Amino acid sequence: VKCAEGAARAAAAEARHKSHESGAGNYPGYVAASGEAIAAALPLWALSNGGVSRTFKCASFSSAVDFVAAIRILAERANHHPTIAINQARVCEQVAGGCDVTVDLVTFAKKGVTEVDVVFAQRVDALVLSAPF
């Protein structure tokens, strides 16, 4: 029974993903955000490759993985998934031997930054303020 339920959930998720990628359906918030609105809402994020990007400094590889795990929970709840990279910091001015975690957000179906990306980035910023990584 669990396998059938899992397969049904996977099929439903795949259908939602395909509908989202094609731009079909009603996705509130998937409205393109202007450059000015992005800059005002996300002063610590940079426009990059049609999306927004921010690199966070973490004290260690372990704390970087914990940070990524916390972002994963946000992403699953929002059904909006960023590109995340963990890089061992070669030269880290603030934290010696730390790790960089880079988060990139873009709504591929809209080929740019949407309100959903802006809200998600703000949630990541709030996460950093609420828990030290």
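Residues numbered from 1 in each chain as written. Predicted model: local features only at pLDDT ≥ 70, side-chain atom pairs only at ≥ 80, totals over all residues. Heavy atoms only, no water.

**Structural notes on the nonpolar core**
Applied cut-off: The nonpolar core is taken to be a set of buried Ala, Val, Leu, Ile, Met, Phe, Trp, Tyr and Cys residues, with the residues joined through side-chain atoms within 4.5 Å. A simple rule labels every residue: compare its accessible area, found with a 1.4 Å probe on the protein chains alone, to the largest value its type can have, and call it buried under 20%, exposed over 50%, or partly exposed in between. Each helix is a run of H or I in the DSSP string that is no shorter than four residues. Each strand is a run of E no shorter than two, and both are numbered from the N terminus. In what follows, a contact means two residues having at least one pair of non-hydrogen atoms within 4.5 Å.
Trp45, Phe67 and Val124 are the most contacted members of the largest nonpolar core, which totals 22 residues. The element contributing the most residues to this core is helix α3 (residues 61-78), with six residues. Among all residues touching Val124, those that are not within four sequence positions of it are Trp45, Phe56, Phe67, Ile71 and Leu74.

**Section: the confidence of the model for the protein**
Applicable threshold: Scored from 0 to 100, pLDDT records how confident the predictor is in each individual residue.
Scored by pLDDT, the protein comes out at a mean of 80, with 71% of its residues at no less than 70. Overall, residues 16-26 carries pLDDT values under 50, and its contacts beyond four positions in sequence, including any with other chains, amount to 11 contacts.

**Observations concerning α3**
The criterion, for reference: Here the expected span of a helix is defined as 1.5 Å times the quantity of residues minus one. Each direction from the helix axis to a C-beta atom contributes to the arc, which is the arc of those directions.
Between its terminal C-alpha atoms α3 stretches 26 Å, which fits the 26 Å expected from 18 residues at 1.5 Å a residue. Those residues of α3 not exposed but buried are Ser63, Ala64, Phe67, Ala70, Ile71, Leu74 and Ala75. Projected down its long axis, α3 carries its buried residues within an arc of 145 degrees, all on one side. Those residues of α3 hidden inside the fold are in contact with β2 (51-58), β3 (83-88), β4 (99-105) and α4 (115-130). Count one or two residues on from α3 and you reach Asn79, which has phi positive near 50 degrees.

**Some words on the pattern of salt bridges**
Formally: We define a salt bridge as a side-chain nitrogen of Lys or Arg found within 4 Å of a carboxyl oxygen belonging to Asp or Glu.
Summed over all chains, the structure comprises two salt bridges. Note that Lys57 and Asp100 form a salt bridge whose closest N and O atoms lie 3.1 Å from each other. Of this pair, Lys57 sits in strand β2 while Asp100 sits in strand β4, and the two are 43 residues apart along the sequence. The class for Lys57 is partly exposed, based on a relative accessible area of 37%. Look at Asp100 and you get buried, because its relative accessible area is 16%.

**Here's the deal with the packing of aromatic side chains**
Our working rule: A pair of aromatic rings is counted whenever rings of Phe, Tyr or Trp (Trp by its six-membered ring) have centres within 6.5 Å, and the orientation is called stacked for planes under 30 degrees apart, edge-to-face for over 60 and tilted otherwise.
Counted under the stated rule, the structure contains two aromatic pairs. Ring centres of Trp45 and Phe56 lie 6.0 Å apart, and the angle between their planes is 75 degrees; on these two criteria the pair is classed as edge-to-face. Placement of Trp45 in the loop between α2 (35-41) and β1 (46-48) and of Phe56 in strand β2 is noted, with a sequence separation of 11 residues between them. Taking the centre distance of 5.1 Å and the plane angle of 70 degrees together, the rings of Phe56 and Phe67 count as edge-to-face. Highlighted residues: Phe56 in strand β2 and Phe67 in helix α3, separated in sequence by 11 residues. Phe67 matches Phe56 in its accessibility class, with the two residues each being buried. An aromatic cluster of at least three residues, connected via ring pairs, comprises Trp45, Phe56 and Phe67.

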